[in-house]
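Listed here are the chains, written in short residue letters.
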Amino acid sequence: MSQGIGTEAGTGMARAGASGATGAGVSGMWVSSAPLRVSLAGGGTDLPGYAGRFGGLVFGAATDLRVTVVGRRARRATGIRVCLDSCGHAESAGELANPFAREAMRRHWDGAPLDLFSSGDVPGATGMGSSAAFCVSLVAGLSGTPLDARALARAASDIEIEGLGRPVGRQDHYLSALGGFRLLHFHRDGSVEVEDVDVPAEHVRGLGEELLLFHTGTSRDAGAILSDQAGGTERGDRDTTHRLHEIKDLTEPLKEALVKGDFTEVGLLLGRHWELKRGLGARVSLPRVDRAYDDALAAGATGGKLLGAGGGGFLLLHVPLAGQDRVRDVLAAHGMREQPFAFDTRGAVLHTL
């Protein structure tokens, strides 16, 4: 069922391409990519305000949807040519408009002229950890040699938490860097242990067939939404703390249901997770999302939740095969577009050219 618990110095990151050191400091080109994740249970308990007092626990998995970053040594004298949110030129890391790139470059760029490009399979700010996947991919490329995956996750999460002061946890970065199904233990001292969850291949395929993902058409700032939860935890709000305790308690049952292949139970636990999560703040859900979710349940879904902090983004639903056409029709009527995806064992990957 579960293979041992790793430490910060465990599994290495995949690498393909030419031998020798790579990255911004060496001539040539590198292509790095990292997966977007699906958080199945425990989301929010990795935030420092909660994990630092009670310890957090998150169960999640990587998908085949990815963020890709391409770096190329430039022949001009100085600066960075970037095509991220928009295209432009900067003479220094501090001039970059994208805050994640700015902080990553400040920490990991060697100063050599560089062309930098990025693309993702889904829009940003939609609850699948795109900012974390971008940071993981960029650090992987800039590092020069493949990093241990846990060290890569730590370095990428430090960009957001320490460098940018965002009120986020580290689950996205670890799931993106490592890939696969993981149970993440967030300890009070700030350390992270990774439990590799061995899900039978037929259950991975089966769950993938019965989980549907829909874009609500709305993006949001995860930091703003998570700040509400963090504030409640720091104030010692009993309802917030109780809900997070219950959310954490769902991780082991959901993991066990998946390992056994009980997908209906997975759906019910996702639904319970969403009931608890909606009470964490007024911005976690939206009336139009609540209406679409209720109609999906009436059409045959067993349960589901908004991914990430909430407030829009992607809605994940468990729907038995017999009811999927009805649910698709219902959500299409609400203006929500389906996003095909599959689970993936691959974490961050670095190719050198």
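Read on for an overview of the structure. (Residues numbered from 1 in each chain as written. Predicted model: local features only at pLDDT ≥ 70, side-chain atom pairs only at ≥ 80, totals over all residues. Heavy atoms only, no water.)

1. Some remarks on the overall build of the protein chain
So, step 1. The number of helices and strands found in the protein chain is 12 helices and 14 strands.
So, step 2. Each of the 353 residues in the protein chain was classed as buried or not, and the buried ones make up 56%.
So, step 3. Once local pairs closer than 6 in sequence are excluded, the contacts in the protein chain between residues at least 24 apart make up 78%.
So, step 4. Just so you have it, the protein chain exposes about 13500 Å², and 50% of that area is on carbon and sulfur atoms. (Helix = DSSP H or I, 4+ residues; strand = E, 2+ residues; numbered from the N terminus. Buried < 20%, exposed > 50% of the residue type's maximum accessible area, 1.4 Å probe, protein only. Contact = heavy atoms within 4.5 Å. Areas by Shrake-Rupley, 256 points an atom, 1.4 Å probe, with all protein chains shown as cover.)

2. Focus: the pairing of strand 12 (residues 314-318)
Side-chain positions along a regular strand alternate between the two faces of the sheet.
So, step 1. Along strand 12, five of the five residues are buried, which leaves the element largely enclosed by surrounding structure.
So, step 2. Across the two faces of strand 12 the burial is the same, with Phe314, Leu316 and His318 and Leu315 and Leu317 all buried.
So, step 3. Two elements, strand 11 (residues 303-306) and strand 12, share four bridges in a ladder whose sense is antiparallel. Looking across to strand 12, one finds that Gly304 is bridged to Leu317. (Pairing = 2+ DSSP bridges.)

3. Let's talk about unusual backbone geometry
Excluding glycine, most residues fall at negative phi; most peptide bonds, likewise, are trans.
So, step 1. Here Ala125, not a glycine, exhibits a phi torsion of approximately 60°, which is positive.
So, step 2. Considering the arrangement of structural elements, one finds Ala125 in the loop between strand 7 (114-120) and helix 3 (130-142).

4. Topic: the layout of surface pockets
So, step 1. Approximately 220 Å³ is the volume found for the second largest pocket.
So, step 2. Considering the residues around the second largest pocket, the lining is formed by 12 residues, among which Gly180, Phe181, Val197, Val199 and Thr345 are closest to the centre.
So, step 3. At the level of elements, strand 8 (181-186) and strand 9 (192-197) are the ones that each hand at least two residues to the lining of the second largest pocket.
So, step 4. When the residues that make up the lining of the second largest pocket are grouped by side-chain class, the tally is five nonpolar, three polar and four charged. (1 Å grid on protein atoms, 1.4 Å probe; cavity = no way out; pocket = protein on both sides within 12 Å on 5 of 7 lines; lining within 4 Å. Points joined across faces, edges and corners; volume = space filled by probe spheres on them. Nonpolar A, V, L, I, M, F, W, Y, C, P; charged D, E, K, R; others polar.)

5. So, helix 9 (residues 251-260)
So, step 1. Within helix 9, the full set of buried residues consists of Thr251, Leu254, Lys255, Ala257, Leu258 and Val259.
So, step 2. Positive phi appears at Gly261, one or two residues downstream of helix 9, with a value of about 85°.

6. Quick word on the environment of Ile247
So, step 1. Within the secondary structure, Ile247 sits in helix 8 (residues 238-249).
So, step 2. Accessibility expressed as a relative area gives 0% for Ile247, which makes it buried.
So, step 3. Residues Ile247 and Gly44, 203 residues apart in the sequence, show an inter-C-alpha distance of 8.3 Å.

7. Some points on the packing of aromatic side chains
So, step 1. Scanning the model with the defined rule gives four aromatic pairs in all.
So, step 2. Plain terms: the ring middles of Phe181 and Phe343 are 4.9 Å apart, the flat faces sit at 50° to each other, and that makes the pair tilted. Residue Phe181 is found in strand 8, and its partner Phe343 is found in the loop between strand 13 (337-338) and strand 14 (349-352); the two are separated by 162 residues along the sequence. Take Phe181 and Phe343: they sit in the same class, and that class is buried.
So, step 3. Both rings, one in Phe341 and one in Phe343, keep their centres 5.6 Å apart while their planes meet at 85°; by these two values the pair is edge-to-face. (Phe/Tyr/Trp six-rings, centres within 6.5 Å; stacked < 30°, edge-to-face > 60°.)

On their own, these measurements won't tell you what the molecule is for.
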